[in-house]
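What follows is the residue order along each chain.
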Amino acid sequence: MSERRRRSANGGGQPPGDDGLPSGSGGDELSSDGIRRRRLPGNRETAQQPRMTRAELRKAGQKGGGRRGDAPGGAAPGGKPGKKRFIDYPRFGKQGFRRWVPSWRLWLSSFLILFAACVGGVFYLYETTTIPPLKDLVNEQNNIYYWADGTEMTRKGETNRQIIELKDINPNLQNAVIAAENETFRTDSGVDPMGMLRAVYNMAKGGQTQGASTITQQYVKNAYLSQEQTLDRKVKEFFITLKLNQDSTKEDILKGYLNTSWFGRGTGAQAAAQAYYGVDAKDLNLCQSAMLAGLLKGAGLYDPSIKGNQERAEGRWKWILQRMVETKNTTAEEAAKCTAFPEPIKPVPASNMNGQISYLVDVANKYVVSKDPSLSLQALDKGGFKIYTTFEKDKVEALKKAVDDVKAETLNVQKRPDKDNWVQFGAASIRPGDGALVAIYGGDGVENQHFDNNADAQGVQVGSTFKPFVLATAMQVGVQTQKDDSGKPKRINADSRYLSDDMSEIRKPDGSLVIGDDGKPYRQKNEDSGKRGYVSLRSAMQWSYNVPFVQLNQDVGGQNVANIAEQMGVRKESFADPKTPTFALGTSTISPIRMADAYATLAASGKQADPYSVTKVEWKGAARPAFAKVEPKQALEPAVADNVTDVLVNVAKNGTGSKSNALGRPVAGKTGTTDQNKSAWWVGYTPQLSTSVAMWREDPAKHERLSLNGTGGKDSVHGGDTPTDVFTRYMKAALANEKKMDFPTPQPVGSQVDSSGAPSTATATPTPTATETMATTAPDPGVPQQPVPTQTQGPACVPGVDCPGTVPTTPPPTKPHPTGGGGGGSSPTCLIPALCGSSQPTPSSTATDPVSPTGKPTRPGTSPSPTGGAQAAP
């Protein structure tokens, strides 16, 4: 060491403080070239007192929590020792982002502490988890349903649920369930960790929860299924599963599972055996057991007694028998004895479900599970809910009475057993602008072995009641055959004229012909064979001519029509193929509930409200949050909706729906009848109520639609006949205490856009709206009269001889056309032969060419009669 570093503090003759630093701080004897560094106060380092290294300085700073300039050795200013931090965070001695990066010691410590806490928490939860006895898990509770006024409607629930021992459950059912649900049940640990994690993940992100994958987990889910799909509940299920698998035998778990599983007609193996086959669980055979095991995947999908499930149920039944053989739960020889599917017996409903009550409960339950994804039909089956509905008792009873009275006056099964049997009705009534479902008619009642809810039927074609959707699309979207100033499809009004001649060719927007399945131009048939030339869309709707609306559907585009109908309330899955020419004629199968809702959109000036049947659901005294009322949305422009309504007012007053005049107040609506009169509809509304009525015949064994021709002793039944009669009787009672209201006067919309080949508009005058004026003639009561429409023979004519023009005369009252003309109206009669063309309107058979399996109509010539494509009478 140099001599210089061994000097004393004031050696070298340099007086203290002569380096310009404050006295006491001392100069830096290591400085050179005039560079000086500040020295810490205190004794100066010498050979006997060496200078501290960087590491020592850092440690000293950490001990004292000091900064550069603090006393060395961790001493705080004034000589007191610094306080050591328990957690060095933010890190001392680090700069920038490194100051905030935990050290590896901190990472390790944190992990060990967290791990220890988790282990302790798991141990605590496991030790504190209790498993109540099986008898405490089977609670006998009812669901209580209330009318709209708050009075009790009915109660539904199980009161005879039985717990039976495993020895009283046939081994066939035990083995079938194990083969179908969890083939490794007897050897596995009872937990599927990956399945649990997937369920928790889906729940955390708000998706649908998944079912447990082992029988043990399913048993826990059945027994502990609360009405909240929460993370807390899933954690409880996990620990119960662990403890149950540890503390219980496999036999006890299987016993609990079979006593708490939902089979559709009840919970538990004993209830299912009695409900489906009328035997005790110990007496089930192999074939019956395989069918019951299939229900555990979802009774709503695999119960063969539910319409549409038969094929699916038989497929699963065969699969379970095969799985039983593959998993050694039965022999191939025993399985081979099951040659015929074991059909279950008819359900035996409770007496408090008679009449319309079972259908009301069915609609309410479906609405509840659709609105609250945490609930299922299985959860509802356990009971304990209070469900407040929108159904009004007086209106439900009025609708049932209307149907019953019409059936009693019209049908006589003893007199006409081949024509008046198997006649069914379905109806629904909705408040426009609100969506409240106030009444339905679902069928003859479960006490009469009618279990399907006709108000929610999905397989009945709606016929010409679909035509208002086409007209609304033309008014709101426009026709593609002409463009407005902005280049968009031109919007039209009800005065636009279209060719209505029977067997007319249909053209695409580009002018090319629509081709049928046979490769030849497709021709559309009307209800009769008249040649009426070009008529306004108002008249075409009034008399339900098919040709104008099939052509209009081509002009606006079938997909656009489907989009508008969906916006108005029709479910997308109800539509037939929009590309087929007959789409406009109602080949779609829409339920009465949805048809009433779509027409309610028109009644509410274009505001669409989804139909709802439940206003509140309570569980253990608390209201569930999923049932808040949804505000309606504007589906159509008010002017469009009001103009369509005006056209339908004319249908009801002067057209095919004239039977509704007996209601004695403004009403709008449309009739509908399908090919071969297999269904008949009337959908009508006032400003306060929208109601649909459907009628059809169905073979209960084959589930096939039958023709209504001959029903009630009438050659044919149309929408303007029996369905309109039911509507009128019901609405009289339902609106008895409500004031008469007029529909809004429609504002102008669109312009007159005639189809190709229409005569000059020079002689055409706008048609007065139905709300402004009515026919000037005095029609025969109940028989609507139609003025002779403008007649044309094509673009070329001889002036004064066959040039098109309006006919100022109105035909005298005539008898109804044999085919009904779309609901009991008279068909127009030609008064001036020069304008009639080559044929007069004559009665025609309602038989038409069938629609091909693809939904595309066939060209005339495929059947003996010279008919066109699919026919949709009103």
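Values in this document were obtained by computation on a predicted structure and should not be read as measured data. All residue numbers refer to positions counted from 1 along the written sequence of the respective chain. Only residues with pLDDT of 70 or above have their local features reported here, since the model is predicted, and side-chain atom pairs are shown and tallied only from 80 upward, although totals for entire chains, interfaces and linings are computed over all residues. The side-chain values count all of the structure's non-hydrogen atoms but skip hydrogen atoms and water molecules.

Draft legend 1. Here's a closer look at the overall build of the protein. Helix and strand definitions follow DSSP, with helices as H or I runs of at least four residues and strands as E runs of at least two, each counted in order from the N terminus. Summing up its helical and strand segments, the protein has 23 helices and 19 strands in all. Residue exposure (1.4 Å probe, protein chains only): buried if accessible area is under 20% of the type maximum, exposed if over 50%, otherwise partly exposed. Out of the 874 residues belonging to the protein, those deemed buried represent 50%. Using a 1.4 Å probe, accessible areas were evaluated by the Shrake-Rupley method; residue-level cover was limited to the displayed protein chains. Counting every atom, the protein has about 41,200 Å² of accessible surface; 53% of that belongs to carbon and sulfur.

Draft legend 2. Representation of helix α6 (residues 215–223). Buried residues dominate α6, accounting for eight of its nine residues. Along α6, the residues that are buried comprise Ile215, Thr216, Gln217, Gln218, Tyr219, Val220, Asn222 and Ala223.

Draft legend 3. A look at the sheet that holds strand β3 (residues 385–389). Pairing is mixed in the open sheet, where five strands are placed in the order β2-β1-β3-β13-β14. The strands lining the two open edges of the sheet, one partner per strand, are β2 (152–157) and β14 (622–623). Sheet analysis places β3 next to strand β13 (residues 614–619), joined by five bridges and oriented antiparallel. Across the sheet, Thr389 pairs through a bridge with Val614, a residue of β13. Here, any two strands with at least 2 DSSP bridges between them count as paired.

Draft legend 4. Just the pattern of salt bridges, in detail. By definition here, a salt bridge exists when the distance from a side-chain nitrogen of Lys or Arg to a carboxyl oxygen of Asp or Glu is within 4 Å. Going through the model one piece at a time under the given rule, you end up with 32 salt bridges. Measuring nitrogen to oxygen at the nearest pair gives 3.0 Å for the salt bridge that ties Glu326 to Arg323. Linking Glu326 with Arg323, this pair stays in helix α12 (residues 310–326), spanning three residues, or about one helical turn. For Glu326, a relative accessible area of 45% gives the class partly exposed. With its nearest N and O atoms 3.1 Å apart, the salt bridge here joins Asp725 to Arg729. On the criterion of helical spacing, the pair formed by Asp725 and Arg729 is a turn pair, its members being four residues apart in helix α23 (residues 722–734). On the basis of relative accessible area, Arg729 is assigned to the partly exposed category, the value being 28%. Taken together, the salt bridges that share partners define one network made up of Glu392, Lys395, Arg431 and Glu738.

Draft legend 5. Representation of the side chain of Thr216. Mapping Thr216 onto the fold places it in helix α6. Each residue touching Thr216, except ones within four places of it in the same chain, is listed here: Phe185, Gly190, Thr241, Leu244, Asn245, Lys250 and Ile253. Every residue pair with non-hydrogen atoms within 4.5 Å of one another is taken to be in contact.

Draft legend 6. Inspection of the packing of helix α4 (residues 171–181) against α12 at higher detail. The geometry of α4 relative to α12 is characterised by a closest axis approach of 9 Å and an angle of 95° between their N-to-C directions. In this view, α4 runs roughly perpendicular relative to α12, as classed from their interaxial angle. Of the residues in α12, those touching α4 at Asn172, Asn175, Ala176, Ala179, Ala180 and Glu181 are Arg316, Trp319, Ile320, Arg323 and Met324. The nonpolar class holds Ala, Val, Leu, Ile, Met, Phe, Trp, Tyr, Cys and Pro. Asp, Glu, Lys and Arg form the charged class, and all remaining residues, Gly among them, are polar. Residues that form the contact of α4 with α12 fall into these classes: six nonpolar, two polar and three charged. Only C-alpha atoms enter the line fits that serve as axes; for helices the fit covers just the stretch in contact. Angles between N-to-C directions range over 0 to 180 degrees. When an angle is under 35 degrees it counts as roughly parallel; over 145 it counts as roughly antiparallel; between 65 and 115 it counts as roughly perpendicular; any other value is oblique.

Draft legend 7. Seen up close, the nonpolar core. One finds Phe391, Ile440 and Tyr730 to be the most contacted residues of the largest nonpolar core, which totals 62 residues. Ranked by residue count, the leading element in this core is helix α14 (residues 357–371), at eight residues. Residues grouped as a nonpolar core are buried Ala, Val, Leu, Ile, Met, Phe, Trp, Tyr and Cys residues, joined through side-chain atoms within 4.5 Å. In this structure, Met541, Leu552, Ala603 and Ala639 belong to the second largest nonpolar core, which totals 56 residues.

Draft legend 8. Looking closely at the packing of aromatic side chains. Between the rings of Phe, Tyr and Trp (Trp by its six-membered ring), a pair exists once the centres lie within 6.5 Å; its type follows the angle of the planes, with under 30 degrees stacked, over 60 edge-to-face, and the other angles tilted. Tallying each qualifying case throughout the model produces 13 aromatic pairs. Between Tyr599 and Tyr685, the ring centres sit 6.1 Å apart and the planes meet at 80°, which makes this aromatic pair edge-to-face. Of this pair, Tyr599 sits in helix α21 (residues 592–603) while Tyr685 sits in strand β17 (residues 679–685), and the two are 86 residues apart along the sequence. Tyr685 matches Tyr599 in its accessibility class, with the two residues each being buried. Only lysine NZ and arginine CZ atoms are considered, and such an atom sits over a ring when it is within 6 Å of the ring centre and within 35 degrees of the ring normal. Positioned above the aromatic ring of Trp100 is the side chain of Arg99, whose terminal nitrogen or guanidinium carbon lies 6.0 Å from the ring centre.

Draft legend 9. Spatial organisation of the environment of Asn421. Within the secondary structure, Asn421 sits in the loop between α16 (393–410) and β4 (423–430). For Asn421, a relative accessible area of 15% translates into the label buried. Between the C-alpha atom of Asn421 and that of Asp699, which follows or precedes it by 278 residues, the distance is 9.1 Å. When sequence neighbours within four positions are dropped, the list of residues in contact with Asn421 reads Val413, Arg416 and Arg697.

Draft legend 10. Fine view of unusual backbone geometry. The residue Lys328 is not glycine, and still its phi comes out positive at about 65°. Here Lys328 lies in the loop between α12 and α13 (332–336). One non-glycine residue, Lys620, lies in the positive phi region at around 55°. Checked against the element boundaries, Lys620 lands in the loop between β13 and β14.

Draft legend 11. Representation of the pairing of β17. With seven of seven residues buried, β17 is to be regarded as a mostly interior element. The side-chain alternation of β17 yields two buried faces, one formed by Ser679, Trp681, Val683 and Tyr685 and the other by Ala680, Trp682 and Gly684. Direction of pairing for strand β16 (residues 668–673) relative to β17: antiparallel, over a ladder of six bridges. Paired with Thr673 across the bridge in β17 is Ala680. Remark: five residues form the turn of the hairpin made by β16 and β17, two consecutive strands paired antiparallel; Gln676 in that turn has positive phi of roughly 60°. Of the strand pairs in this sheet, β17 and strand β18 (residues 690–699) are connected by seven bridges, and their pairing is antiparallel. Bridging across to β18, Trp681 finds its partner in Ala694. A loop of four residues connects β17 with β18, the two strands running antiparallel in sequence.

Draft legend 12. A look at the packing of α16 against α23. Packing of α16 against α23 brings their axes to within 9 Å, and their N-to-C directions diverge by 145°. Between α16 and α23 lies a crossing of right-handed hand. Of α23, the residues touching α16 (which contributes Lys395, Ala398, Leu399, Ala402, Val403, Asp405, Val406 and Glu409) are Thr722, Asp725, Val726, Arg729, Tyr730, Ala733 and Ala734. Classifying every residue of the contact of α16 with α23 gives nine nonpolar, one polar and five charged. Left-handed describes a crossing whose near helix is turned anticlockwise from the far helix by less than a right angle; the clockwise case is right-handed.

Draft legend 13. Just the environment of Ile169, in detail. Tracing the sequence through the fold places Ile169 in the loop between β2 and α4. With 111 residues separating them in the primary sequence, Ile169 and Asp280 have C-alpha atoms 8.3 Å apart. The residues contacting Ile169, other than those within four sequence positions of it, are Ile164, Gln174, Leu258, Ala269, Ala281 and Lys282.

Draft legend 14. Local environment of a nonpolar patch on the surface. The patches described consist of residues with a relative accessible area above 30% and no salt bridge, like charges being joined within 9 Å and nonpolar side chains (Val, Leu, Ile, Met, Phe, Trp, Tyr) within 5 Å. Together, Trp104, Leu108, Phe111, Leu112, Phe115 and Val119 line one region of the surface with nonpolar side chains, adding up to about 660 Å² of accessible area. Turning to its location among the elements, Leu108 is positioned in helix α2 (residues 104–128). On the basis of relative accessibility, which here comes to 42%, the residue Leu108 falls in the partly exposed class.

Draft legend 15. Just α12, in detail. One less than the number of residues in a helix, times 1.5 Å, gives the span that helix is expected to have. With 17 residues, α12 should cover 24 Å at 1.5 Å per step; its first-to-last C-alpha distance of 25 Å lies within 8% of that length. Along α12, the positions that sit buried rather than exposed are Ala313, Arg316, Trp317, Ile320, Leu321, Arg323 and Met324. All buried residues of α12 fall inside an arc of 160° around its axis, so they share one side. In α12, the exposed positions that point more than 90 degrees away from the buried face belong to Glu311 and Lys318. On its buried face, α12 sits against α4, α10 (286–295), α11 (299–302) and α13. Taking the helix axis as origin, the arc is that swept by the directions to the C-beta atoms.

Draft legend 16. Local environment of the state of the cysteines. The definition used for a disulfide is geometric: two cysteine sulfur atoms within 2.5 Å. All chains considered together, the criterion is met by one disulfide. Bridging Cys287 to Cys338, the disulfide has an S-S length of 2.0 Å. The sign of the S-S torsion, about -100°, decides the handedness of the disulfide formed by Cys287 and Cys338: left-handed. One end of the pair, Cys287, is in helix α10; the other, Cys338, is in the loop between α13 and α14, and 51 residues separate them in sequence. Each of the two residues, Cys287 as well as Cys338, counts as buried.

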